[in-house]
Amino acid sequence: MKLEFGTGSAFARLSEHKAYFLVNYALELGIKGFDTGVNYGNWKTQPLLGLVLKEHIKKNREELVITSKAGTQNNGSKNFSPDYIEHMINKSISDMQCKYLDKFYLHGPTLKEIETKGLLKKLISLVKEGKIKRFGVNTHQLLNMKKISTGNYEDMSLLLIDYNLLQQDREIIFDNCRKNNIEISGGNSICQGSLLRSPLESFFLNKNFFYLLRFIFKKSSKRFLYPAKNYRKFAKTNFPKEYKNIPLSFVLHNSSIKTIPIGMLSKSSIEKNINIAKNITPIELTREVGEWCLSNCQIFD
């Protein structure tokens, strides 16, 4: 299954009981991948994930795919020094008691930061030590994606990008990634939920100001508002039964996208996401919608 259980800041606000239930429910339905970040949820998300995965890690570590990230802090400050990144990887392994990380991403570095003296050598050495299996970059910048996709960086084999109906320009890197054996993970497949419903609808549905405030104050979220509204209007009018399934199906259909971390903060969202993955909207329909979005509501860097 391409879907991974994505944990963000909101996961840290769950009770231990609810987090345990959701993670175990996802596992029962076939989810094996768990995506987190060392500083998510003010440093609380990752330890909570480790706590609720504890027994599964003890019994079936090899069956799980555990991913973490480090380098960019909640306040926007960055640290990509080799020693700091090694410390954060060790912290991730300690927080989750997971023995090693299957995937590790440098979180939001510039090209200059990727080229920090000794950083890639440090990551390669951590692979050899068995602390991480593979490493790469999590970036929202197309320029960075292009450079990484050329295979320019030694032993870098992962790329986590934002890819969805509104950001199809990322497809320009897919052929290079395939040629250079770089695995692409597609994040933000439903544009923080804005392709399914308006921020106000999300607020009333979840009774949480977080879903509303991030579209008011967060610049990277605000830019989705009007393009997503255009998509919803078009899709609701032309495909009223399928419009909520189309965004995720569009990403699932793309063979260049190997995994899709997505939020699963309720029983219903887990069921809906997995149901879409098992009953994907026909590719002819997602292509039609993708072409319309390409002409009418794209977001560019």
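Numbering of residues begins from 1 in every chain and follows the order in which that chain's sequence is written. Confidence filtering applies because this is a predicted model: local features only for residues at pLDDT of at least 70, side-chain atom pairs given and counted only at 80 or more, and all residues used for totals across whole chains, interfaces and linings. Water and hydrogen atoms play no part in the side-chain values, which are based on all heavy atoms of the structure.

Caption draft 1: Molecular detail of the state of the cysteines. Two cysteine sulfur atoms form a disulfide, by the criterion used here, when they sit within 2.5 Å. As enumerated under the stated definition, the model contains 0 disulfides in all. Cysteine 177 takes part in no disulfide bond, and the closest cysteine sulfur to it belongs to cysteine 191, at a distance of 20 Å. According to the relative accessible area criterion, cysteine 177 is buried, its value standing at 1%. Cysteine cysteine 293 remains unbridged, with the sulfur of cysteine 297 as its closest cysteine sulfur at 3.8 Å. Only protein chains enter the accessibility calculation, which uses a 1.4 Å probe; a residue whose area is less than 20% of its type maximum is buried, one above 50% is exposed, and one in between is partly exposed.

Caption draft 2: Structural view of the packing of aromatic side chains. Within 6.5 Å between ring centres, the rings of Phe, Tyr and Trp (the latter by its six-membered ring) count as paired, and their orientation is classed by plane angle as stacked under 30 degrees, edge-to-face over 60, tilted in between. Applying the stated rule across the entire model yields 7 aromatic pairs. Here phenylalanine 234 and phenylalanine 239 contribute two aromatic rings whose centre-to-centre distance is 6.1 Å and whose plane-to-plane angle is 75 degrees, an arrangement assigned as edge-to-face. In this structure, phenylalanine 234 and phenylalanine 239 share a single accessibility class: buried. Clustering of aromatic rings is evident, with ring pairs tying together Phe5, Phe11 and Phe34. Sitting above the plane of the tyrosine 100 ring, arginine 61 keeps its charged end 3.9 Å from the centroid. Only when the NZ of Lys or the CZ of Arg is both within 6 Å of the ring centre and within 35 degrees of the ring normal is a charge said to sit over the ring.

Caption draft 3: Representation of the pattern of salt bridges. Salt bridge, as used here, is a side-chain nitrogen of Lys or Arg placed within 4 Å of a carboxyl oxygen of Asp or Glu. Inspection of the entire model under this criterion finds 16 salt bridges. Here lysine 32 ties to glutamate 63 by a salt bridge, and the two come within 3.9 Å at their closest N and O atoms. Taken together, the residues span a long stretch of sequence, with lysine 32 in the loop between helix H1 (16–28) and strand E2 (33–35) and glutamate 63 in the loop between helix H3 (45–60) and strand E3 (65–70) at a distance of 31 residues. In this structure lysine 32 comes out as partly exposed when scored by relative accessible area, which is 35%. On the basis of relative accessibility, which here comes to 47%, the residue glutamate 63 falls in the partly exposed class. One salt bridge connects lysine 69 with aspartate 35, and the closest N-O pair in it is separated by 2.6 Å. The helix and strand labels rest on DSSP assignments: H or I over at least four residues marks a helix, E over at least two residues marks a strand, and numbering proceeds from the N terminus.

Caption draft 4: Region of the structure containing the packing of helix H4 (residues 82–96) against helix H6 (residues 119–129). Structural elements are reduced to axes, namely lines fitted to C-alpha atoms, with helices fitted over the stretch in contact, and the angle between N-to-C directions of any two is expressed from 0 to 180 degrees. In contact at an axis separation of 9 Å, H4 and H6 are set at 30 degrees when each is read in the N-to-C sense. When the axes of H4 and H6 are compared, the pair comes out roughly parallel. For the crossing formed where H4 meets H6, the hand is right-handed. Counted together, Pro82, Ile85, Glu86 and Ile89 of H4 and Leu119, Lys122, Leu123 and Leu126 of H6 form the full contact between these two elements. Side-chain classes follow a simple rule in which Ala, Val, Leu, Ile, Met, Phe, Trp, Tyr, Cys and Pro form the nonpolar group, Asp, Glu, Lys and Arg form the charged group, and the remainder, Gly included, forms the polar group. Among the residues making up the contact of H4 with H6, the classes are represented as 6 nonpolar, no polar and 2 charged. Angle categories: roughly parallel below 35 degrees, roughly antiparallel above 145, roughly perpendicular from 65 to 115, and oblique for all the rest. Here a crossing is called left-handed whenever its near helix is offset anticlockwise from the far helix by less than a right angle, and right-handed whenever the offset is clockwise. Any pair of residues with heavy atoms lying within 4.5 Å of one another is described as a contacting pair.

Caption draft 5: Molecular detail of unusual backbone geometry. Even without being glycine, tryptophan 43 reaches a positive phi, approximately 75 degrees. On the secondary structure map, tryptophan 43 appears in helix H2 (residues 40–43). Although it is not a glycine, glutamine 192 adopts a positive phi angle of roughly 55 degrees. Structurally, glutamine 192 is set in the loop between strand E7 (183–187) and helix H9 (199–206). Judged by its relative accessible area of 22%, glutamine 192 is partly exposed.

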